[in-house]
Structure formats: C-alpha cells, structure tokens
Amino acid sequence: MIELQAPFRPARQSDIWQLAELVNFAGEGLPLHIWRGMAKPDQDPWEVGRSRQAEKVSGGQIYVADFGDGAVAALTGYPIGAQAEPIGDDFPPLFRPLQELENLALNSWYVNVLACYPEHRGRGLGSRLLQLAEDIAQDGALASMSVIVADDNVSARRLYERTGYREIASLPCVREDWDTETENWVLLTKAL
C-alpha cells in the first residue's frame, strides 16, 4: 500500500469538475470531442466527462495534488496485463493506434492521465506524480512504466524523457472529425 504525502491524496467526488478539465488538458482536447459524441442532444458534454471521472474516483483510480483549494494536478493510470487486447474490425478507428501502442507495453503501469493546471506548472508536480506512479507500479510488482503522448505535446514529452522514459514506437493519429494538430501518437516506456 502506497502512503501519500501532502499535497497528494486520492481524488474525491468533489474533484470531478477539475478532473474533467485536467483530463481534457492531458488528452489534447480528445476527451471533450469524445464526450460531445456521447452526450444526449440536450446534455452538456462536460457533464458526460464529470460523470466518467466520478466513476473512476469511486474506483480509486485517480490521485491529485491539492494545496487546500481542490485538485490542481491529477494522475490516472492502470496496469497493462500480460495479454494484448484484441483489436477487431469493429474497433473504433480513432482509438485503434492508441490500443495498438498499449499492446506493445505489456506488463507495465500505464500513465493514462498526467495533467496540471497551467498556473501550477513548473513546480515539480508532474515529476512527483510520476514518482507516485512508479511507486504504485513497484508495489504491484510491475517492472516498467508506459505512456502515450501526442507528438506535438513537446512539454509533456520533455518531462517524460527527463525522468527516464524513451520512445519505443509511434503510429499515425487517426483524426476522423477531431480537430487536432497531432500527427502521431508516441509510446514511451521506462524500466524500473
């Protein structure tokens, strides 16, 4: 069991507004694009995002940095097992390259979301959350870390590489109707 030191704590239901925003930051706008597609005609897509974050909070999957006024940074991740996930013909094209890359990172702890509000960047929160992720991975007897970044997210990639992650593969981004500058998804891994 990992002991958390302030300012880090497990996310709470009261954090879901910030978590939806942080997830959208980390996902380069892709989460909001997906939530728009999931929303009912009279539903705010952010409501969909908050609902999804509420589910993950209930499952204990999210950790946040909080200096007393709510979540300002967040980490979400999960272990990738020993078996690749099947990718059938009906697999959504938008997600296909992401799943193909995840399938190259078997037996790792996958950093799904690492995000910080812009006004809190440059304070070491990202590096400290990555250390927390590594502690979780080692506690779960995993020997490596993995993350997928957009090729145009230079600052995120710089953070990962500075902390020991290295590129092992990349695949073209499938945009469909998502408006993005991203050309490729890049898989980075780190041995522990």
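One can find the structure itself at the top, above this paragraph.
Attention in this report is confined to the structure presented alongside it. Treat the numbers as computed from the prediction; the structure is a model and nothing was measured.

### Some thoughts on the sheet that holds strand β3 (residues 71-80)
Across the sheet, 7 strands lie side by side as β1-β2-β3-β4-β5-β7-β6; this open sheet has mixed pairing. Every other strand in the sheet has two partners, leaving β1 (8-10) and β6 (166-172) as the edge strands with one partner each. In this sheet, neighbouring strand axes are inclined to one another by 25 degrees on average, regardless of whether the strands run parallel or antiparallel. In this structure, strand β5 (residues 144-150) lies alongside strand β7 (residues 184-191), joined through 7 bridges in antiparallel fashion. Directly across from M145, in β7, lies its bridge partner K190. Contacts from helix α6 (residues 154-162) reach β4 (108-116), β5, β6 and β7, with the element oriented near 20 degrees to β7.

### Overview of the layout of surface pockets
Taken as a whole, the largest pocket encloses approximately 1400 Å³ of empty space. Residue lining of the largest pocket: 47 residues in total, with A26, G27, N112, V113 and L114 positioned closest to the centre. Sorting elements by how many residues they give to the lining of the largest pocket places β4 first, with 7 residues. Here the lining of the largest pocket is composed, by residue class, of 28 nonpolar, 11 polar and 8 charged. Computed from the structure, the second largest pocket encloses a volume of approximately 160 Å³. Along its surface, the second largest pocket is lined by I2, E3, L4, Q5, A6, F8, R128, Q131, L132 and D135.

### Examining the nonpolar core
Within the largest apolar cluster, 45 residues are counted, with the highest numbers of intra-cluster contacts made by L75, W109, V111, L114, Y160 and Y165. Ranked by residues supplied to this core, first place goes to helix α5 (residues 125-139) with 7 residues. In this structure, I80, L94, A150 and W185 belong to the second largest nonpolar core, which totals 14 residues.

### Some points on unusual backbone geometry
Residues A6 and P7 are joined by a peptide bond in cis, for which omega reads 15 degrees. Phi at N107 takes a positive value of approximately 60 degrees, unusual for a residue other than glycine. By the element assignment, N107 lies in the loop between α4 (96-102) and β4. Phi at E176 is positive, roughly 50 degrees, even though this residue is not glycine. Structurally, E176 is set in the loop between β6 and β7.

### What to know about the pattern of salt bridges
Pairing between side chains of opposite charge can happen when their charged atoms approach one another. Enumeration according to the criterion identifies 6 salt bridges in this entry. Across the pair K190 and E134 runs a salt bridge, and its minimum N-O distance is 2.7 Å. With K190 in strand β7 and E134 in helix α5, the pair connects residues that are 56 residues apart, well separated along the chain. We note that K190, like E134, is buried. Between E161 and R157 there is a salt bridge, with its nearest N and O atoms 2.9 Å apart. Within this pair, E161 and its partner R157 are both found in helix α6, separated by 4 residues, close to a single helical turn.

Parameters at a glance
- Residues numbered from 1 in each chain as written.
- Predicted model: local features only at pLDDT ≥ 70, side-chain atom pairs only at ≥ 80, totals over all residues.
- Heavy atoms only, no water.
- Pairing = 2+ DSSP bridges.
- Helix = DSSP H or I, 4+ residues; strand = E, 2+ residues; numbered from the N terminus.
- Axes fitted to C-alpha atoms, helices over the stretch in contact; angles between N-to-C directions.
- Contact = heavy atoms within 4.5 Å.
- 1 Å grid on protein atoms, 1.4 Å probe; cavity = no way out; pocket = protein on both sides within 12 Å on 5 of 7 lines; lining within 4 Å.
- Points joined across faces, edges and corners; volume = space filled by probe spheres on them.
- Nonpolar A, V, L, I, M, F, W, Y, C, P; charged D, E, K, R; others polar.
- Core = buried A, V, L, I, M, F, W, Y, C linked by side-chain atoms within 4.5 Å.
- Buried < 20%, exposed > 50% of the residue type's maximum accessible area, 1.4 Å probe, protein only.
- Salt bridge = Lys/Arg side-chain N within 4 Å of Asp/Glu carboxyl O.

Scope: geometric values only; no functional claims are made or implied.
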